[in-house]
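Chain by chain, the residues run as shown.
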Amino acid sequence: MATTKCRCRLYLTDFQWSSPLFLSELLSTERVRVPLGSHSKADLLRELVRLAVGDADEKTIAGIVDAVEDREAQVSTALGGGLAVPHGRTDLVLQVRLAAGIVNAVPDYVGLDGSPVRVAFLVLTPMAASNEHVKLLSRIARLMHDPASKEALLASKSAGDFLRVIHGAEAA
């Protein structure tokens, strides 16, 4: 009898079944750009939102960008070490959305350590999805904390390369 390996895990939380969020399940080649084409922080945020919700109308995209910029105005999401995780919680998204990419030459987006942003992950969640929001931020931080994963992401030449690094890190 053949068996199949499944990365699916189920958790019982508050009497509801839910599955864990994997970055690799939320990202696709349509939601990753290597390199991102923006040269300012504001343009980068807009580019990432368009990647995450490209099927939305202009009014919705503008509202989502406003939510991300409002969060960014509170405290910069350039975390240092070349990582930025802009994020927003808004009911303009009906489900968790993620976009990512390699950043080149965005001089107005630097971490507190003075390092320019090199990798950006945008996290968008509905207002009621605070647990998912925190889990995704944690998974991204864990990925980028691993020197081998960070180096491999930075060396990515395509969206496919970027996604392979994430798949490999999550499978480890």
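Residues numbered from 1 in each chain as written. Predicted model: local features only at pLDDT ≥ 70, side-chain atom pairs only at ≥ 80, totals over all residues. Heavy atoms only, no water.

(A) View of the packing of helix α5 (residues 147-154) against helix α6 (residues 159-171). Here α5 crosses α6 at 165 degrees, and the two axes come no closer than 8 Å. The orientation of α5 relative to α6 falls into the category roughly antiparallel. Every pair of crossing elements has a handedness; the one defined by α5 and α6 is right-handed. Residues Ser-149, Ala-152 and Leu-153 of α5 form the contact with α6, whose participating residues are Phe-162, Val-165, Ile-166 and Ala-169. Taken together, the residues of the contact of α5 with α6 break down into 6 nonpolar, 1 polar and no charged. (Axes fitted to C-alpha atoms, helices over the stretch in contact; angles between N-to-C directions. Helix = DSSP H or I, 4+ residues; strand = E, 2+ residues; numbered from the N terminus. Parallel < 35°, antiparallel > 145°, perpendicular 65-115°, else oblique. Left-handed = near helix turned anticlockwise from the far one by under 90°. Contact = heavy atoms within 4.5 Å. Nonpolar A, V, L, I, M, F, W, Y, C, P; charged D, E, K, R; others polar.)

(B) Structural context of the pairing of strand β8 (residues 119-125). In terms of burial, β8 is largely enclosed, as 7 of its 7 residues are buried. By the alternation rule, side chains of β8 split into Val-119, Phe-121, Val-123 and Thr-125 and Ala-120, Leu-122 and Leu-124, which are all buried. Relative to β8, strand β5 (residues 83-84) is paired through 2 bridges, and the arrangement is parallel. Counterpart to Ala-84 in the pairing with β8 is Ala-120. Bridge count between strand β6 (residues 87-89) and β8: 3 bridges; the pairing is parallel. The partner of His-87 across the bridge, within β8, is Val-123. Two elements, strand β7 (residues 97-102) and β8, share 6 bridges in a ladder whose sense is antiparallel. Residue pairing for β8: Arg-97 is matched across the bridge by Leu-124. (Buried < 20%, exposed > 50% of the residue type's maximum accessible area, 1.4 Å probe, protein only. Pairing = 2+ DSSP bridges.)

(C) View of the side chain of Glu-47. Tracing the backbone shows Glu-47 in helix α2 (residues 41-52). Residue class for Glu-47 comes out buried when judged on its relative accessible area of 11%. Of the polar contacts made by the side chain of Glu-47, one reaches the side chain of Ser-38; its length is 2.5 Å. In this structure Glu-47 touches Arg-33, Leu-36, Gly-37 and Ser-38, once residues within four positions along its chain are discounted. (Polar contact = N/O pair within 3.5 Å; in protein donor to acceptor, adjacent residues only side chain to side chain.)

(D) Main features of the packing of aromatic side chains. Scanning the model with the defined rule gives 1 aromatic pair in all. Relative to Phe-162, the ring of Phe-121 lies with its centre 5.8 Å away and its plane at 45 degrees, an arrangement referred to as tilted. Residue Phe-121 is found in strand β8, and its partner Phe-162 is found in helix α6; the two are separated by 41 residues along the sequence. Per residue, the accessibility class of Phe-121 equals that of Phe-162, and both read buried. Positioned above the aromatic ring of Phe-22, the side-chain terminus of Arg-139 is 4.9 Å from the ring centre. (Phe/Tyr/Trp six-rings, centres within 6.5 Å; stacked < 30°, edge-to-face > 60°. Lys NZ or Arg CZ within 6 Å of the ring centre and 35° of its normal.)

(E) Quick peek at the confidence of the model for the protein. A residue-level look at the protein finds 88% of positions with pLDDT of 70 or above and a mean pLDDT of 89. Residue range residues 1-18 is modelled with pLDDT below 50. Its contacts to residues more than four positions away, or to other chains, number 17 contacts. (pLDDT = per-residue confidence, 0-100.)

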